[in-house]
Each structure stands twice: as C-alpha cells, then as structure tokens.
Amino acid sequence: MLLGAHMSIAGGIFNAVLHGKKATCDTIQIFTKSTNQWKARPLTDEEIKRFLEEQKTTGVTVACAHNSYLINFASPNDELYEKSFESMKDELERCDTLKIGNIVMHPGSHVGSGEEIGLRRIAGAINRLFETLPNGRTTICLESTAGQGSNLGYRFEHLAQIIDMVEDKSRMGVCLDSCHIFAAGYPLIEEKDYKTTVKEFNRIIGLKRLKVFHLNDSKKPFGSRKDRHEHIGKGEMGLEPFRHIVNDRRLNKVPMILETPKGKDLKEDVENLKILRSLISGKKEKQEITA
Ligand SMILES: [Zn+2]
Ligand SMILES: [Zn+2]
C-alpha cells in the first residue's frame, strides 16, 4: 500500500520529495507551480534532474500533481475558459517533463450556467487539450467534489458523463476524496454502507479508473456539501471509513494521499500516516475467524 501526503514545493520542486521522506511518505502529491498564478517560469534542466534524482535516492515516488485552483473548465466566461485551457496545457506539459503520471483536476464550477452546459464545456476543453498534446502521457484524474457552490463532480454520474464525452478515454482517470464524497452524501462509516458506495462507484465509473485516493476526514457533517478537511479520525467521519479503505484489497495499488492541515515540521502528517498504518492489518479478519 502506498501512503503519503501533499507536499509543498517551496524552495524548489525537489524539496517536496525530501519533505515527503521526512514525513514518512511512500508517495506524494505536488503542485507543479504556484497555485495562485496563471503563468509560471519554465522548469530548468537542473531542477528536473534533481527532482528525478531525489526520488531515486529517497524511494519516495510522486503519485500525482494537483492542478491550480484558478483553472475552471466549466466557466461560462470565455476569457477565463481560455486562460484555464492555456494554464492546464502548461501543467500537463510540466507533468510530462517531470515524468508525473497523473494530474488531479477539479472538474470546475458552472457559476450559474447550469450543470449540463458545465459538464459539456469541461469535456470540450479536455478533448482540445488531448488534441493539442497528442503525445502527452499524463492521465487527467477528475476529482470528486463536495459540491460546494456550483462545483461539479459531487455525483459519480458527473465524472462518468465527462469521461463519456472525452474521445481519448485512455488518458482519463478519477481521484476520489474521502472528505468530499462524505460531504456530498455518500455514506462510508458502516462497513455495509462503504461497500455500497464503492459498488456504486464501480458501476457508474469503474474501479479501474481510480488512480488516486485523497484521505481526509471532514470538519463538516455528512451530506453538508461543505469542503473542510480534518485530521484522520478527528472529524465527522471518524476512523471507520479509513479502516475500510486501507483494508480494501481492490485498492491496494491506488496511492493514498493526505491533504490535512499541517505546520512546517510536518508532525501532523507523521501522526496521520501512523494512524492510517495502524489501521492496516489482518487483525479484524483474524478476530472474526476466532470469534
Ligand atoms: Zn483537490
Ligand atoms: Zn482532495
């Protein structure tokens, strides 16, 4: 099982890998550029080389990048849509250069234009991206959302609809976020409910598309459609959903990434990872057998 956390690239992109090692991560997620800027300076050969080298020496892999929050492919505003397109194109190129296989992307907000129109605009932008970058190797992973405001992606059907409209489906994946799906109203606490939710996901999207799992507890209640991450086991979800997830054998090749609050010394990540690892075991099954 690959467990890790989102890591900052402050002071150089290779630093994320070193921070990941320090926080006991097997794998990490990064931004490939500052998230509040449309444009970033190109990466230097030196930076790319060091980034790849540090992964070899530390053994910490990079599961995925996460796209900038400014990007909105569902925007009804043409200027914003074009800016989003250019920015996402740049992010995909950066991922290819850095040999990052997956980029997690928030589907977008329709800002009042309506869900159907928004979903079509997202798929249109992705089709154009793949046409513009025919040799790109990075998979776009649509992230499930809590459904705050006019954010799309709070139903598995939204993600399935987008993928359905994308021509090159081989470059499409999905990222589930435990906090988001819980807030969106998919139950995860009782084992039977967790199983139903995964079954539902498998039926509508397919487990083979699941490339990344974000593990976050939720500060906000079930079905609240509010997106506020909390430390593992300390929020409205508690430990049970995470026990189900880390012991689900169907997911044992899916990288699991924390996006929980933290300070500079990363001790919160260390603690959350310790808790997640303590949940993995055959203990429960053994108990059932002896009972
Ligand atoms: Zn996200
Ligand atoms: Zn997330």
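Look up: the structure comes first, before these words.
Note that the structure is predicted; figures quoted are calculated from it, not measured. (Residues numbered from 1 in each chain as written. Chains lettered and ligands numbered in written order. Predicted model: local features only at pLDDT ≥ 70, side-chain atom pairs only at ≥ 80, totals over all residues. Heavy atoms only, no water.)

Engineer: Describe the overall build of the protein, and please don't skip the residues or the numbers.
Structural biologist: For the protein, the helix and strand inventory stands at 10 helices and 10 strands. Compactness check: the protein gives a C-alpha radius of gyration of 19 Å against a globular reference of 19 Å for 291 residues, within 12% of the reference. The dimensions of the protein, computed from C-alpha atoms along their principal axes, are 60 × 45 × 30 Å. Taken across its 291 residues, the protein has 53% of its residues classed as buried. Here the analysis covers contacts within the protein between residues at least 6 apart in sequence; of these, 76% occur between residues at least 24 apart. Total accessible area computed for the protein in this model is approximately 13400 Å², and 52% of it derives from carbon and sulfur atoms. One way to put it: in the protein the 44 positive side-chain charges average out to a point 3 Å from where the 40 negative ones average out. (Helix = DSSP H or I, 4+ residues; strand = E, 2+ residues; numbered from the N terminus. Rg over C-alpha atoms; globule rule 2.2 N^0.38 Å. Buried < 20%, exposed > 50% of the residue type's maximum accessible area, 1.4 Å probe, protein only. Contact = heavy atoms within 4.5 Å. Areas by Shrake-Rupley, 256 points an atom, 1.4 Å probe, with all protein chains shown as cover. Lys, Arg positive; Asp, Glu negative; His and termini not counted. Charge placed at Lys NZ, Arg CZ, Asp CG, Glu CD.)

Engineer: Can you explain the sheet that holds strand β5 (residues 139–143)? Please cite residues and give values.
Structural biologist: Strand pairing in a sheet relies on backbone hydrogen bonds, with the paired strands running either antiparallel or parallel. A barrel is described by the order of its strands in space; here 8 strands give the closed sequence β1-β2-β3-β4-β5-β6-β7-β10, paired in parallel fashion. The mean angle between the axes of side-by-side strands here comes to 30°, regardless of whether they run parallel or antiparallel. Across 3 bridges, strand β1 (residues 3–6) lies against strand β10 (residues 256–258) in parallel orientation. The residue bridging Gly-4 from the neighbouring strand is Ile-257, located in β10. Most of the contacts of helix α4 (residues 115–132) go to β5, to which it runs at about 165°, and overall it touches β4 (102–105), β5 and β6 (172–177). Contacts from helix α9 (residues 267–279) reach β1, β7 (210–215) and β10 within the one sheet, and its direction differs from that of β1 by about 150°. (Pairing = 2+ DSSP bridges. Axes fitted to C-alpha atoms, helices over the stretch in contact; angles between N-to-C directions.)

Engineer: Outline the pairing of β7, supporting the account with residue identities and numerical values.
Structural biologist: The buried fraction of β7 amounts to 5 of the 6 residues, a majority that puts the element mostly inside the structure. Bridging between β6 and β7 involves 4 bridges; their strand directions are parallel. Bridge assignment links Cys-175 to a residue of β7, and that residue is Val-212. Across 3 bridges, β7 lies against β10 in parallel orientation. What sits directly across from Phe-213, in β10, is Met-256.

Engineer: Break down the coordination of the zinc ion (ligand 1) for me, citing the residues and quoting the values.
Structural biologist: Note on metal geometry: ideal angles are 109.5 degrees for four donors arranged tetrahedrally and 90 or 180 degrees for six donors arranged octahedrally. Surrounding the zinc ion (ligand 1) are the protein donor atoms His-66 (NE2), His-106 (NE2) and Glu-143 (OE), which sit 2.1 to 2.2 Å from the metal. Read N to C, the donor residues that coordinate the zinc ion (ligand 1) are spaced as H-x39-H-x36-E. Taken as an interatomic distance, the gap from the zinc ion (ligand 1) to the zinc ion (ligand 2) is 3.5 Å; Glu-143 donates to each of them. Separated by 77 residues along the polypeptide, His-66 in strand β3 (residues 61–66) and Glu-143 in strand β5 bring together distant segments of the chain. (Donors = N, O, S within 2.8 Å, 3.2 Å for Na, K, Ca; no water.)

Engineer: For the side chain of Asp-217, give the residues involved together with the corresponding values.
Structural biologist: Along the chain, Asp-217 falls in strand β8 (residues 217–218). This buried residue, Asp-217, is left without a salt bridge; Lys-234 holds the nearest opposite charge, at 8.1 Å. Looking at Asp-217, its side chain comes within polar contact range of the main-chain nitrogen of Met-237, at 2.9 Å. Engagement of the side chain of Asp-217 in a polar contact is seen with the backbone nitrogen of Gly-238, the distance being 3.3 Å. (Salt bridge = Lys/Arg side-chain N within 4 Å of Asp/Glu carboxyl O. Polar contact = N/O pair within 3.5 Å; in protein donor to acceptor, adjacent residues only side chain to side chain.)

Engineer: Describe the coordination of the zinc ion (ligand 2), with residues and values.
Structural biologist: Within the protein, the zinc ion (ligand 2) binds to Glu-143 (OE), Asp-177 (OD), His-214 (ND1) and Glu-259 (OE); these donor distances fall in the range 2.1 to 2.2 Å. Taken together, the 4 donor atoms coordinating the zinc ion (ligand 2) span angles of 87 to 169° at the metal, a pattern that classifies the geometry as irregular. The sequence pattern formed by the donor residues of the zinc ion (ligand 2) is E-x33-D-x36-H-x44-E. (Tetrahedral: all angles 85-135°; square planar, octahedral: opposite > 155°, others 65-115°.)

Engineer: Outline unusual backbone geometry, listing residues and values.
Structural biologist: The phi angle of most residues is negative, glycine excepted, and most peptide bonds adopt the trans form. In this structure, Arg-225 takes a positive phi of about 55° despite not being glycine. Despite not being glycine, Leu-266 has its phi angle at roughly 65°, a positive value. Along the chain, the position of Leu-266 falls in the loop between β10 and α9. With a relative accessible area of 8%, Leu-266 lands in the buried category.

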